[in-house]
Every structure is written in structure tokens, then in C-alpha cells.
Amino acid sequence: MPVLLNHWGRAEARVEGGRITAIGPAPDDPNPTRINDNLMGTLTGTMRIGQPMIRRGFLDGDAGARRGEDGFVAVSWDTAIRLVAGNLTRIIGTYGNRAIFGGSYGWASAGRFHTASGQLHRFLNLVGGFTRSVNTHSYAAAEVVLPHIIGSQDGLSGNHTPWGLIAGHTDLFVAFGGLPTRNAQVSFGGVGAHTVRDRLAAARAAGTRFVHIGPLRDDVDADLGAEWVAPRMNTDVALMLGLAHVLETEGLADRAFLDRYTVGYDRFRAYLCGDADGVPKSADWAAGITGLDAAQIRDLARRMARGRTMIGMAFALQRADHGEQAVWMTITLAAMLGQIGLPGGGFGLGYSAANQIGNVPLPFSWPGFPQGANPVPDFIPVARLSDMLEHPGGGFDYDGGTYRYPDIRMIWWAGGNPFHHQQDLNRLRRAWKRPEVIVVHEPFWNANARHADIVLPCTLPPERNDLGFLKGEPHLYAMKQAVPAFGAAQSDHAIFTAIAGALGQADAFAEGRDEMGWLRKIYRESAEVAAGHGYNLPDFDTFWDSGEFRLETLPAPRPLLHAFRSDPGAHPRRTPSGRIEIFSATVAGFGYDDCPGLPTWMPPAEWLGNAPEGALHLVSNQPSRKLHSQYDHGPHSRGGKVAGREPARMHPDEGARRGISTGDVIVVRSARGACLAGAVLSDDVARGCLQLATGAWLDLSPDGLDRHGNVNVLTLDKPTSRLAQGPTAHTTVVFVERLAGEAPEMRAFTPPEITPGP
Ligand SMILES: Nc1nc2c(c(=O)[nH]1)N[C@H]1C(S)=C(S)[C@@H](COP(=O)(O)OP(=O)(O)OC[C@H]3O[C@@H](n4cnc5c(=O)[nH]c(N)nc54)[C@H](O)[C@@H]3O)O[C@H]1N2
Ligand SMILES: Nc1nc2c(c(=O)[nH]1)N[C@H]1C(S)=C(S)[C@@H](COP(=O)(O)OP(=O)(O)OC[C@H]3O[C@@H](n4cnc5c(=O)[nH]c(N)nc54)[C@H](O)[C@@H]3O)O[C@H]1N2
Ligand SMILES: [Mo]
């Protein structure tokens, strides 16, 4: 049976007559996901795009006016490629390459070769470059601030203290934002074995106790017996300061550690104790902000100092206004406990955010598809997309520098869905009308495709061959084509090869290799890298025929920052001081009022501390039944809808106050927009919150109401700070009411009107 590999794991497929007729989990996966069920029926069907499409208004010269609400004309590949190549040449000739936005952020599909954005970047580099985006939606604030604090991204993107050094060592795991195994269903590049649930259970069995700090009780598996603490959303920095104040004033801070391994504690202490502003950040002070009980805060601080404590921080905490501060304060608190670098102690960002986190990493990374060099210097921090489109020539700050937005005339997106990931989608939709040409590669008629002028239909992993080399798991999988391509869809690589051909550059792009030729080349280079670290890979044909290969010995597990701890002189951090910087002169020197030189509580732009009566803080977390927006129209995802909409959960008391019952269609509004959703009342949700996961396909009605529950019509599009310019999706308040009258039809899973072309 063909084995499929996706970001969310492996599946065995039954293929009959060129179609997948059944999907089941890989038998050796200890905790397989059902997300793969979403492939049933969706690889074919009306939402799949089988031919290149041109937006009608684009053909009529409407200058983008009807983007997102238009019909399409089906055309041949020849016509589409001529149109794309002609527009590209014109844009470059008239405005230069910086007028092309090719950031193309997004997860696309697993596989080392068919990485859509990598294919796009190689192609655009070949024709003179493009304006790019930097950093991720996942953890932009952390990516930028962490190097200022510890000199690297360790403990965020990798090198976490491994699970094996948590079980049997950690007495108390304090999890800000929980440890949702829902999110550990996925890993970028694929999952071989879903192990996080068992890792957590093993820690519990070995005696670890869990304290869960967050708005949703079920962000930690029930069998871990976690103590649940639900502060007001976005007040974790105040809570951590309250904990720190107890440590400091009760003599529980580890002075020897702070003196030897950190700089700036005394300055921080002055802020903590109120020497500078007259406000001690005491447990009582924190209680007022967080809504918790001061005695509870004091008790938690003492327990954290009593044994070995791991402080976990979900990425979500920094996807919020002033998100940099949550990262900085997490590390400061861990430094005060003095256990950084010891087994089971210290801190880690994103445990359970993905399956790979906390696994012992390979000592090297796999090579991929070569992208060449981009001669255009222009970039944006990824979440500043609408800002860039609205303000050509406008200035922005970023990590100590000042830059200007280019004047974008063409957008090219392959392998991401901005109408999923971007905050304030009504704003994006207005800004999206400004460029002259928008080209999108998509397999499906989602909002991303519908907002394009030229839609190039692409294949999905079961329709092509690829290499599945995992991150954080020592497994290599052959991703073999299982079914023929749908309609006339082609791989992103084949599409770019054809466009390069129209520009006379086919050889420069494809180097004369076909798909298998590229896989062989990437495999050969991978084998060389692995051999340099003592790992011998079989030859390509042996690997391909057997379908998988496992690297046997892995490096010994080591705590995060263990070398620094054992000898800070020999292993300094790459910060100006060589130590952990609780105060950063560099960051202070930038002079940003929204990101000073040490961890600071600054109230977020929107929260229950400044919201009108009746407001709920929105938790727009990751969806359990899919990855982002992918396969929202699949059976597993649809099985979770309520009244045909994305489910929105709130506490029964909040429902009762508003006359809302489970199953009702509700209207959710913010200062940016409104959507419908299906109500679910649950006491797993803290009072004062509304949880509406990301991922519902956008279905905007002409009057701007999303009829399906796409949470990003509600969210705030504001940067975390001038330092990182990260997204702040988790800083949003909303108001909900029962929908009066009949609910309008939900049309996200109905394709646009298509006219056959000439
Ligand atoms: N409110 C709110 N918003 C958020 C978040 C949040 O917590 N709250 N989280 C943010 C985070 S962490 C992230 S990472 C982003 C995720 O945002 P994205 O990564 O942009 O979301 P996806 O839905 O994975 O988009 C992938 C797109 O690629 C398409 N695709 C799949 N395979 C291929 C392929 O082979 N080729 C091509 N050309 N296309 C393909 C899919 O159909 C889909 O449209 O969302 C962010 N947005
Ligand atoms: N099934 C599935 N898994 C996924 C993804 C997916 O789309 N589907 N996406 C993947 C990606 S790209 C990423 S980056 C990771 C994201 O990993 P995370 O950012 O950790 O994921 P979220 O689900 O957004 O947030 C986790 C929890 O944080 C809590 N939270 C939010 N705001 C606050 C706050 O202010 N304070 C506290 N204490 N808690 C808060 C919420 O209860 C939320 O459920 O997940 C990955 N895993
Ligand atoms: Mo992410």
C-alpha cells in the first residue's frame, strides 16, 4: 500500500483505478492523527483546480477592483504561461525587481524538493530577485529578541532540553499556554511517529507535576492531572513579574547563578522592586492585573524554587502585543531559579507546539533545493504585508535599523495562504487590490486562489515523487507518487520550468534534470552531509526501493545551554557580554518605547483590562482537525463544524449571559470585522474568553461579513513592537451575540463561477 507523508504524519492509502479509496494510519505510529482523513474525496472534486484560470476582471482591465469576488476563465497552460511571462517581463522592465513581492510565506506541503516557496525563490532569483519577507508567523517576536538575550535561537527553533531529561528530573513543569498535544500532531516536513503524548505521560509517571497557565483547560491532556490557572489573556508578563518579585523578596533568587551567567539583573531588580517607578511588581500588583489571587502567586513562586522546575512558554504568548516581553521574562524567571543548563530545569519555548520539539536533533540539517542568491535587498517582517501594500515608500523600524517599503506591483504566491494567516483580512483585502498583477499557485479554490488574477493549478504530494527527511526524527522516507495528477495540474517545479522556458531560461532553472534527477541530486548531497557526521546512507536506489531509512545512533541528550553552564568562559553566549542578557544595552540603545532594554510589563493594545463591558478576549489558536487552512473542506475538518460553521467555544456562564446555547449560530464582532460561528458552551474555556481556532476558509459576503468563521477577519494587525514587528493575533477582543434571523448559506466550499476559455 502506498505510504503518504504529510506535515501531520504518515498514512497508508488504498489506491484503486488511480484514486485513493481508503486511508489508514501507519501501523507503527504510536499516536496517529486523523488529519490524514481529510485527503479522502478532496484530491478530486469540485474544489480542486484542474486548469489554469484567469480572473474575468483581470481580462477586462479592472485594475484589481473585483479581486476576491470575481469569476474565472479557464485557459490552456500555453495561454497562462504567456500571460505570466509577459507580465513579469513588463513589471521588471518598468519598475525593477523590487516591485515583485515573492515572500510567499507558508507551510505548503512536506517534501525536500517540491517546496513551493523554494521553487518560487529560485525562479525569481534567476530573473533578478524580489522583495522577500523575513521571520515566521509562528514566532517572529521570539526570533528577533532571543538572540539579544541568549545569543541564538536555541530553545525556540531547536536544541530544547530533550524529553528524556524532563522525565525523572523535572519536579514541576510550569506551562504558560499549556502543552497542547493537538498541536504536536504536526511538524514542518512531516512526522514519522507521534510521541509527545507518551513523552508527557512518561514524565507524569516519573513524578513530574504540571501547572498549566492559560485560558483553555484542554490545552493540557487530562491524564496529566495539571493544576489549571487561568489569568486574563496577555497578562503573563505581569504574572511572571509577580513570581519574580516573590523570589527576589523572599531570598529565593539564585544570586550565584545570576552573578556568574547573566548581566543586568540589578537594573531589572530596580524595575521589579519599583525603585525606578515607585511600583513594586509584587504578587498583589500582579493579582490586580491578572485577576488571580496574590496568595496563589506567592505559593506558586515558592514551589517553583523548591525543586527542579521547567518553565514552558507556548509560542502563542509572543504572538501578542509586546510579545518580545513574554520571551524575555520567561528567561529572566528561569535565570532567577538558577537551573538553566541542568537536566529538567530552565526554560523551553514551544514544547508540544510541534512533534519534533524536545526530540534530540540530528547534528546537521539536510540540504534542499538550491535557491540561488537574491540581489534585491528589500524585505519586510512577514506580518507587515498589508502595511507594505498600503504605504509604498513608507518607513519602518526593525531590530535597530530603519527601512522603506517598496512599491509592489506584482505579487507571486506559491505555498502559503495569506487569506488564512494574515491578521485583519478586511484590511488585507483592500490592500490586495493595489498591485497590478497577482499570481497564485494553488491546488484548491480557497480564498488564496480566489483573490488572484492568474491561478496556476498545482499538484499535491500523492501526485508526485519527493524526499521526506524529517526534522527532529532520524527518519528518511521515500514519498512516492501514488495517483496521477488531477486534471492538468502540474508541480510547482514543472510550472516554473515552463515559465523559465518562455523566458529562455529553462536550462538555468531546471539544469536539465527531471523530477527524479533532482531527487537523486538532493539525496546524493544529503548522503555526503550525513557521511561527514559519521552516518552512512544507502545508495539512492536501495533507499527508494525500501521506502525508508532510519539513522541509528543519535547524539546524547543534553540540556539546553549545558555547555555554557558547565564553562561560561569556554562557551560564551553570542551576546555582547557573552552571558544571558537580562538587560540588553543593544536593545536599550535602539530607543524603542515599545521594547525597552529589559523585560517590562506594558498593557496590550486590546485586553480585558481596557475593554468595554461584555467583551471577550479572543483565543485564535491552532485547529485540532487540520493544519492551518489546509483541507478545511475534508471530511475530518467538516466533522467538527457546528451549524456548518467553525466552532466557537465559551464558558456556559458567558453563553447564559448572552442567551446563547450550544449549536446556535453566533455573530462575532471586533473593531475590524465580523464573522459567523457555531456556538459551543464548555467549562474548559475560562470565563472572559472566546476560542475560535484559525483555519476556516474565508467566505466574505459583499457587506464584509465572513459567513464561515475565519478568525482573521477579527484580529488586530499591529506589530508586537518596533523591534520584531511580529504578528499579534492573540491580542484581540470581541463581542458575541446570537444571530437573529436565518443564517445565510455558507459558500466557502462552493467554487467560483468558471467560464470555459477560448
Ligand atoms: N489569528 C491567528 N492567525 C494565525 C495564527 C494564529 O495563531 N492566530 N498562526 C499563524 C501561524 S503560526 C502560521 S505558521 C500561519 C500559517 O499560515 P500558512 O502557512 O500560510 O497556512 P496554510 O493553510 O498552511 O497555507 C498553505 C497553502 O499552501 C497550499 N499548498 C499546499 N501544498 C502546496 C503545494 O505543493 N504547492 C502550492 N503552490 N501550494 C500548496 C495550501 O492549499 C494552502 O493554501 O498562520 C498564522 N496565522
Ligand atoms: N493541529 C495543528 N497543530 C499545529 C498547527 C495547526 O495548524 N494544527 N500549527 C502549527 C504551527 S505553524 C505552530 S507555529 C504551532 C503553534 O503553537 P502555539 O503558538 O503554541 O499554538 P496555539 O494553539 O496558537 O496556542 C497554544 C495555546 O496558547 C494559549 N494562549 C494564547 N494566548 C495566551 C496568553 O496570552 N497567555 C497564555 N497563558 N496562554 C495563551 C491558548 O489557550 C492556545 O490554545 O502549532 C503547530 N501545530
Ligand atoms: Mo506557525
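Residues numbered from 1 in each chain as written. Chains lettered and ligands numbered in written order. Predicted model: local features only at pLDDT ≥ 70, side-chain atom pairs only at ≥ 80, totals over all residues. Heavy atoms only, no water.

## Concerning the overall build of the chain
- Within the chain one finds 23 helices and 31 strands.
- Against the 2.2 N^0.38 benchmark of 27 Å for 758 residues, the chain shows a C-alpha radius of gyration of 26 Å, consistent with a compact globule.
- Along the longest, intermediate and shortest principal axes, the C-alpha atoms of the chain span 80 × 65 × 50 Å.
- Relative to its full complement of 758 residues, the chain shows a buried share of 62%.
- Restricting to contacts in the chain with at least 6 residues of sequence separation, those with at least 24 account for 75%. (Helix = DSSP H or I, 4+ residues; strand = E, 2+ residues; numbered from the N terminus. Rg over C-alpha atoms; globule rule 2.2 N^0.38 Å. Buried < 20%, exposed > 50% of the residue type's maximum accessible area, 1.4 Å probe, protein only. Contact = heavy atoms within 4.5 Å.)

## Some words on the site of ligand 1
- Looking at ligand 1, there are 36 residues lining it, with Ser109, His421, Glu442, Ser629 and Asn712 nearest.
- At 2.8 Å from an oxygen atom of ligand 1 is found a side-chain nitrogen or oxygen belonging to Arg464.
- When isolated, ligand 1 has an accessible area of 910 Å², and the protein chains bury 99% of it.
- When residues of the shell around ligand 1 are traced back to their parent elements, those giving at least two are helix 13 (418-421) and strand 18 (437-442).
- Here the shell around ligand 1 is composed, by residue class, of 11 nonpolar, 21 polar and 4 charged.
- For the shell around ligand 1, the domains that each give at least three residues are domain 1 (3-134 + 366-470 + 475-550) and domain 3 (616-738). (Near = heavy atom within 4 Å. Polar contact = N/O pair within 3.5 Å; in protein donor to acceptor, adjacent residues only side chain to side chain. Areas by Shrake-Rupley, 256 points an atom, 1.4 Å probe, with all protein chains shown as cover. Nonpolar A, V, L, I, M, F, W, Y, C, P; charged D, E, K, R; others polar. Domains from an automatic or database assignment.)

## Details of the site of ligand 2
- Around ligand 2 sit 29 residues in total, of which Arg182, Asp219, Asp236, Arg319 and His628 are the nearest.
- Residue Asn183 places a side-chain N or O atom 2.9 Å away from an oxygen atom belonging to ligand 2.
- At 3.4 Å from a nitrogen atom of ligand 2 is found a side-chain nitrogen or oxygen belonging to Gln185.
- Bound to the protein, ligand 2 loses 97% of the 910 Å² it would expose on its own.
- Residues belonging to the shell around ligand 2 are distributed by class as follows: 14 nonpolar, 10 polar and 5 charged.
- Structurally, the shell around ligand 2 is a two-domain feature, drawing no fewer than three residues from each of domain 2 (140-146 + 157-361 + 558-590) and domain 3 (616-738).

## Describing the sheet that holds strand 13 (residues 346-349)
- Spatially, the 5 strands line up as an open sheet ordered 10-9-8-12-13, and their pairing is parallel. The two strands at the open ends of the sheet, each matched to only one other strand, are strand 10 (227-229) and strand 13. Taken over all neighbouring pairs, the strand axes of this sheet differ in orientation by 20° on average, direction set aside.
- Across 4 bridges, strand 12 (residues 309-313) lies against strand 13 in parallel orientation. Bridging from a neighbouring strand, Gly312 pairs with Gly348 of strand 13. (Pairing = 2+ DSSP bridges. Axes fitted to C-alpha atoms, helices over the stretch in contact; angles between N-to-C directions.)

## Description of the domain arrangement of the chain
- If you check the domain split of the chain, you get domain 1 (3-134 + 366-470 + 475-550), domain 2 (140-146 + 157-361 + 558-590) and domain 3 (616-738).
- Once you take the C-alpha centre of each, domain 1 and domain 2 turn out to be 36 Å apart.
- Tallying the contact residues gives 20 residues for domain 1 and 15 residues for domain 2.
- Across the interface of domain 1 and domain 2, roughly 1500 Å² is buried in total on both sides, 57% from carbon and sulfur atoms.
- Seen at the junction of domain 1 and domain 2, the total is 0 salt bridges. (Buried area = accessible area lost by both parts, 1.4 Å probe. Salt bridge = Lys/Arg side-chain N within 4 Å of Asp/Glu carboxyl O.)

## Points about the packing of helix 8 (residues 265-272) against helix 11 (residues 323-337)
- At a closest axis distance of 13 Å, the pairing of helix 8 and helix 11 adopts a crossing angle of 105°. Judged by the angle between their axes, helix 8 and helix 11 are roughly perpendicular. For the pair formed by helix 8 and helix 11, the contact residues are Tyr265, Phe268 and Leu272 on the first element and Met329, Thr332 and Met336 on the second.
- Here the contact of helix 8 with helix 11 is built from residues that sort into 5 nonpolar, 1 polar and no charged. (Parallel < 35°, antiparallel > 145°, perpendicular 65-115°, else oblique.)

## Notes on the pairing of strand 19 (residues 454-457)
- Of the two faces of strand 19, the one carrying Ile454 and Leu456 and the one carrying Val455 and Pro457 are both buried.
- Where strand 4 (residues 53-55) lies against strand 19, 2 bridges are found, and the strand directions are antiparallel. Within the sheet, the bridge partner assigned to Met53 lies in strand 19 and is Val455.

## A few points about the side chain of Arg182
- Positionally, Arg182 belongs in the loop between strand 8 (172-176) and helix 5 (196-205).
- A polar side-chain atom of Arg182 sits 3.0 Å from a polar atom in the side chain of Asp219.
- Setting aside chain neighbours within four positions, we find Arg182 in contact with Asp219, Asn621, Gln622, Pro623 and Ser624.

## Points about the environment of Leu456
- As for its position among the elements, Leu456 is in strand 19.
- Overall, the relative accessible area of 0% leaves Leu456 in the buried class.
- Here the alpha-carbon distance between Leu456 and Gln51, two residues 405 residues apart in the chain, equals 7.4 Å.
- If near-sequence neighbours (up to four positions away) are discounted, Leu456 is found in contact with Pro52, Trp77, Ala80, Val84, Val439, Val440, His441, Glu442, Ile495 and Ile499.

## Looking at the sheet that holds strand 2 (residues 9-16)
- The strand order across the open sheet built from 3 strands is 1-2-3, with neighbouring strands paired in antiparallel fashion. Single-partner strands in this sheet number two, and they are strand 1 (3-6) and strand 3 (19-25). The sheet shows a mean angle of 40° between the axes of neighbouring strands, direction not considered.
- Alignment of strand 1 against strand 2, held across 4 bridges, turns out to be antiparallel. Pairing of Val3 across the sheet is with Glu12, part of strand 2.

## Points about helix 9 (residues 283-290)
- Burial of helix 9 is extensive: 6 of the 8 residues sit out of reach of the surface.
- Packed against the buried residues of helix 9 are helix 6 (236-249) and helix 10 (294-306).
- Gly291 sits one or two residues past helix 9 and shows a positive phi near 80°.

## Regarding unusual backbone geometry
- Backbone geometry at His628 places phi at a positive 50°, although glycine is not the residue there.
- For His628, the position within the fold is in the loop between strand 24 (616-619) and helix 22 (635-638).
- Despite not being glycine, Gln725 has its phi angle at roughly 55°, a positive value.
- Among the secondary structure elements, Gln725 is positioned in the loop between strand 29 (705-706) and strand 30 (733-738).

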